[in-house]
Amino acid sequence: QSGFLAPDFRTSSRLGFGTTLPFYIVLGPSADLTLAPAFFSRDLPLLGLAYRQRFDSAAVRLNGSFTSGKRYDDNGNLVPGRDMRWHVAGEGRWDINDDWRAGFALARASDKTYLSRYRLARRYQLDDTNTLTSAARVERLVDRSYFAADVYAFQGLRPQDDNGLAPMVAPSVQYRWASGPTFWGSRFSFD
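On a predicted model such as this, the values are computed, not experimentally measured, just so you know. (Residues numbered from 1 in each chain as written. Predicted model: local features only at pLDDT ≥ 70, side-chain atom pairs only at ≥ 80, totals over all residues. Heavy atoms only, no water.)

Caption draft 1: Spatial organisation of the packing of aromatic side chains. Counted according to the given criterion, the structure contains 8 aromatic pairs. Each ring, one from Phe40 and one from Tyr118, has its centre 5.6 Å from the other, and the planes form 55°; the classification is tilted. Remark: Tyr118 occurs in the loop between α1 (114-117) and β10 (131-142) and Phe40 occurs in strand β5 (residues 31-40); sequence separation between them is 78 residues. A relative accessible area of 1% places Tyr118 in the buried class. With 6.4 Å between their ring centres and 10° between their planes, Tyr152 and Phe154 make a pair best called stacked. (Phe/Tyr/Trp six-rings, centres within 6.5 Å; stacked < 30°, edge-to-face > 60°. Helix = DSSP H or I, 4+ residues; strand = E, 2+ residues; numbered from the N terminus. Buried < 20%, exposed > 50% of the residue type's maximum accessible area, 1.4 Å probe, protein only.)

Caption draft 2: Geometry of the environment of Phe55. Inspection of the secondary structure assignment puts Phe55 in the loop between β6 (46-54) and β7 (58-72). Using a relative accessible area of 41% as the deciding quantity, one classes Phe55 as partly exposed. Residues Phe55 and Asn75, 20 residues apart in the sequence, show an inter-C-alpha distance of 42 Å.

Caption draft 3: Up close: the pattern of salt bridges. The final tally for this structure, using the stated rule, is 13 salt bridges. Across the pair Arg85 and Asp111 runs a salt bridge, and its minimum N-O distance is 2.7 Å. Taken together, the residues span a long stretch of sequence, with Arg85 in strand β8 (residues 78-95) and Asp111 in the loop between β9 (100-109) and α1 at a distance of 26 residues. Pair check on accessibility: Arg85 and Asp111 agree, each one buried. Here the residues in one salt-bridge network are Arg101, Arg137, Glu139 and Asp150, joined through shared partners. (Salt bridge = Lys/Arg side-chain N within 4 Å of Asp/Glu carboxyl O.)

Caption draft 4: Broad picture of the pairing of strand β3 (residues 16-20). Counting buried residues in β3 gives 4 out of 5 residues, a clear majority hidden from the surface. Here strand β2 (residues 8-12) runs beside β3; their pairing, made up of 5 bridges, is antiparallel. Residue pairing in the sheet places Asp8 in a bridge with Thr20 of β3. Linkage of β2 to β3, two consecutive antiparallel strands, is achieved through a turn of 3 residues. Here β3 runs beside β5; their pairing, made up of 3 bridges, is antiparallel. Across the sheet, residue Thr19 finds its bridge partner in β5, namely Phe39. (Pairing = 2+ DSSP bridges.)

Caption draft 5: Local environment of the nonpolar core. If you look at the biggest cluster of nonpolar residues, it comprises 17 residues, and the most contacted ones within it are Leu46, Leu115, Tyr118 and Leu120. At the level of secondary structure, the elements contributing two or more residues to this core comprise β5, β9 and α1. The dominant element in this core, judged by the number of residues it contributes, is β5, at 3 residues. (Core = buried A, V, L, I, M, F, W, Y, C linked by side-chain atoms within 4.5 Å.)

Read these as geometric descriptors, not functional statements.
Laid out in structure tokens, this is it:
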């Protein structure tokens, strides 16, 4: 059922008194959306969103937030003006057929201090507060063989991180094959 969820209250020396008033919206039997506006006594409001949906052979969970907040440099020092600040994150998985499936994990932010300043990492289940990792995967499992190909991209959130030097792994490939039982019950495998 759609409706308001429990509000969240907090205080911060940077943002002042803050409250988040989440509103849950049922979009259908297998989809929902949560709007989470946050208000602060020393900064402009922030809007958070969380979307979830299950399909016959897939599931998607996405979240994000944005605000037109005060501008800070990478070390957290206040500079003149305002910036559009945001984050987007989520994950999804699709069972393409009985043998193949694909998935993704997404985590990006407008800048290094956004998530920590507004204390959003825990709310949106971004476990690593030093690095955001995005990835895509395709995998195949047939009989006794397994194949997976992954692509990874990273965004460093520490002040000393230079995201122009952040690695991108493309592709990382794994393959494993195992034989059935042979003479005397032995097996062979290849990785």
